[in-house]
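Okay, here's what each chain looks like letter by letter:
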Amino acid sequence: MSPVRPAAVVVLAAGEGTRMKSATTPKVLHTLAGRSLVGHVVEASRRLDPQELVVVVGHGRDQVTAHLSELDPAAVTVVQEQQNGTGHAVRVAVDALAEQGREPSGTVVVVCGDTPLLTTATLAALVDTHQAEGNAVTVLSAVVPDPTGYGRIVRVIGDNTVQQIVEHKDASEAQRAIAEINSGVYAFDGKLLREALGGLTTDNSQGEEYLTDTLTLLREAGHRVAAVAAGDHREILGINDRVQLAEARRLFNERTLEAWMRAGVTVVDPATTWVDVDVTLEPDAVLLPNTQLHGRTSVAAGAEVGPNCTLRDTRVEAGALVNNATCEGAVIGPKATVGPYTYLRPGTVLAARAKAGGFVEMKNAQVGEGSKVPHLSYVGDATIGEGANIGAATIFVNYDGVAKHHTTVGDHVRVGSDSMLVAPVTIGDGAYTAAGSVITEDVPHGAMAVARGRQRNITGWVTRRRAGSPAAEAAAAAERRTAQQGAAGDVQETAGPTAGQVEASNKETDQ
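Residues numbered from 1 in each chain as written. Predicted model: local features only at pLDDT ≥ 70, side-chain atom pairs only at ≥ 80, totals over all residues. Heavy atoms only, no water.

Engineer: What's the story with the overall build of the chain in this structure? I'm lost.
Structural biologist: On a plain count of helices and strands, the chain comes out with 11 helices and 39 strands. Relative to the globule expectation of 24 Å for 511 residues, the C-alpha radius of gyration of the chain, 37 Å, shows a markedly less compact shape. Taking all 511 residues of the chain together, 44% fall into the buried category. The contacts of the chain with a sequence gap of at least 6 include a subset with a gap of at least 24, amounting to 41%. Carbon and sulfur atoms make up 50% of the accessible area of the chain, which totals about 25100 Å². Positive and negative charge centroids in the chain, built from 44 and 59 side chains respectively, lie 5 Å apart. (Helix = DSSP H or I, 4+ residues; strand = E, 2+ residues; numbered from the N terminus. Rg over C-alpha atoms; globule rule 2.2 N^0.38 Å. Buried < 20%, exposed > 50% of the residue type's maximum accessible area, 1.4 Å probe, protein only. Contact = heavy atoms within 4.5 Å. Areas by Shrake-Rupley, 256 points an atom, 1.4 Å probe, with all protein chains shown as cover. Lys, Arg positive; Asp, Glu negative; His and termini not counted. Charge placed at Lys NZ, Arg CZ, Asp CG, Glu CD.)

Engineer: Where do I start with the pattern of salt bridges in this structure?
Structural biologist: Once their charged atoms are close, side chains differing in charge can pair, the charge on each being opposite to the other. Per the stated rule, a full pass over the model turns up 20 salt bridges. Salt-bridge contacts for Asp278 lead to Arg35; the nearest nitrogen and oxygen are separated by 3.1 Å. Pair noted here: Asp278 is in the loop between β13 (273-275) and β14 (280-281) and Arg35 is in strand β3 (residues 35-36), with a separation of 243 residues, a long-range link. Given a relative accessible area of 26%, Asp278 falls into the partly exposed group. Through salt bridges with shared partners, a single network forms among Asp95, Glu103 and Arg194. (Salt bridge = Lys/Arg side-chain N within 4 Å of Asp/Glu carboxyl O.)

Engineer: Teacher, can you tell me more about the packing of aromatic side chains here?
Structural biologist: The geometry of an aromatic ring pair is captured by the separation of the ring centres together with the interplanar angle, meaning the angle of the planes. One pass over the full model with this rule turns up two aromatic pairs. Measuring from ring centre to ring centre gives 5.7 Å for Tyr186 and Phe188, while their planes differ by 40 degrees; the resulting arrangement is tilted. Here Phe188 falls in the buried class, since its relative accessible area comes to 0%. Stacked on the ring of Tyr399, the Lys or Arg Lys404 has its end atom at 5.6 Å from the ring centre. (Phe/Tyr/Trp six-rings, centres within 6.5 Å; stacked < 30°, edge-to-face > 60°. Lys NZ or Arg CZ within 6 Å of the ring centre and 35° of its normal.)

Engineer: Which parts of the structure should I look at to understand the side chain of Ser298?
Structural biologist: Tracing the sequence through the fold places Ser298 in strand β17 (residues 298-299). Leave out the neighbours within four places in its chain, and Ser298 touches Thr280, Thr314, Arg315 and Val316.

Here's what the structure looks like:
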């Protein structure tokens with residue numbers, strides 16, 4: 001944190017972002033690790049604890065403003081009606097604060113709204129250097145492997161201050177050999193910034209007010225202009241198209257996973273594991289390959305998630321196992337087991353040691369301690385007590401076409417396989433239901449509910465109604481085998497004694 005709070009941070013988020021080729025989403029609202037691009041920048045800026053945080057919006061202003069009101073209600077949103085350059089955008093922000101009697105007089109930080117990898121630590125280092133050196137403006141720079149296309153930082157030999165920023169197209173061969181580039185992030189003296197903004201012109205090929213021109217104006221006025229290089233050049237990467245967005249996602253995810261692994265989390269395959277910025281993990285949690293954790297998901301110590309899991313806003317408690325599952329808005333209790341091929345929808349809560357097994361779907365369901373739904377079942381709008389077992393292929397019939405209804409299953413209940421529990425219905429503690437039952441009425445404690453028709457076999461139906469079919473042929477063959485086996489048995493019953501039987505009889509007589 002800086003020794004002196006910045007007077008303001010100005011976030012430039014007005015650009016159209018045509019290279020994103022999106023008809024519905026402004027560039028700064030595209031997401032990375034569960035947060036918008038501008039959201040990452042606002043978060044990093046807010047952690048500087050500035051007196052004012054101003055976001056300049058333009059393209060897609062209604063969407064961006066609505067997003068910012070949820071993201072950071074204290075931020076001031078200013079509209080740049082016409083995008084006339086970065087210098088014009090900053091002037092719009094400073095003028096808006098002045099009109100409200102809040103003109104910044106200390107350090108003013110300017111950042112771009114499309115740099116999601118920028119960290120608070122780097123911004124704080126920029127502000128610290130700026131204030132310690134008493135600079136009029138301090139540029140955040142970076143030394144990059146390939147500076148092609150970027151503005152070069154040309155330093156003064158001897159005192160290492162910044163002489164100028166030269167755009168690539170205007171740079172000499174010697175200047176193009178410089179690897180230090182401008183990031184578009186600055187720390188200004190607020191009063192001097194206001195003066196320099198007043199001297200900007202549109203006398204350039206783009207007909208816009210360039211913020212970089214303030215550096216030349218301030219230097220010519222005898223003020224100190226400096227630069228401080230970011231420790232990691234990747235932090236300054238701006239997003240202009242979806243290829244760069246994907247690259248930023250990868251870099252951000254690598255940084256996130258490295259931090260969690262150093263904090264004691266096991267990530268078996270970082271290349272296939274994705275973790276959003278608001279996810280929390282405890283030491284000794286294990287993430288197996290092809291795992292995605294989104295939203296405010298949390299994974300406690302000793303829990304194992306994966307492989308092939310997608311969790312959103314889900315809490316996984318200590319020692320739980322989640323395998324090949326999709327979970328949203330669920331709570332998975334201590335040592336509970338989920339999967340494989342399981343779908344837990346919002347409102348699902350598994351108590352300690354509960355089980356949601358293979359090909360099970362649950363929604364708004366409370367499953368008690370030690371209870372099991374092992375396989376091939378749907379449990380919706382239900383409460384299941386402790387120690388119950390729900391047989392395979394059981395359906396909680398919760399919807400009547402108009403409204404949802406609730407089912408209550410007591411403690412230590414045994415629901416037979418292929419049962420239908422038609423809500424609203426209650427099955428008492430210790431009760432059983434017979435396999436294949438359709439339960440439409442409450443079942444008393446300790447009772448056995450049987451709700452199925454008596455089986456009736458119609459002999460010869462296939463031969464008569466499906467003559468010539470493979471089924472009819474198979475049935476006829478089986479009847480022939482049965483007849484042959486019966487005839488052989490009759491012959492055996494009428495035949496005389498075998499040689500062995502005669503010998504045994506003779507021995508018995510001799511004795």
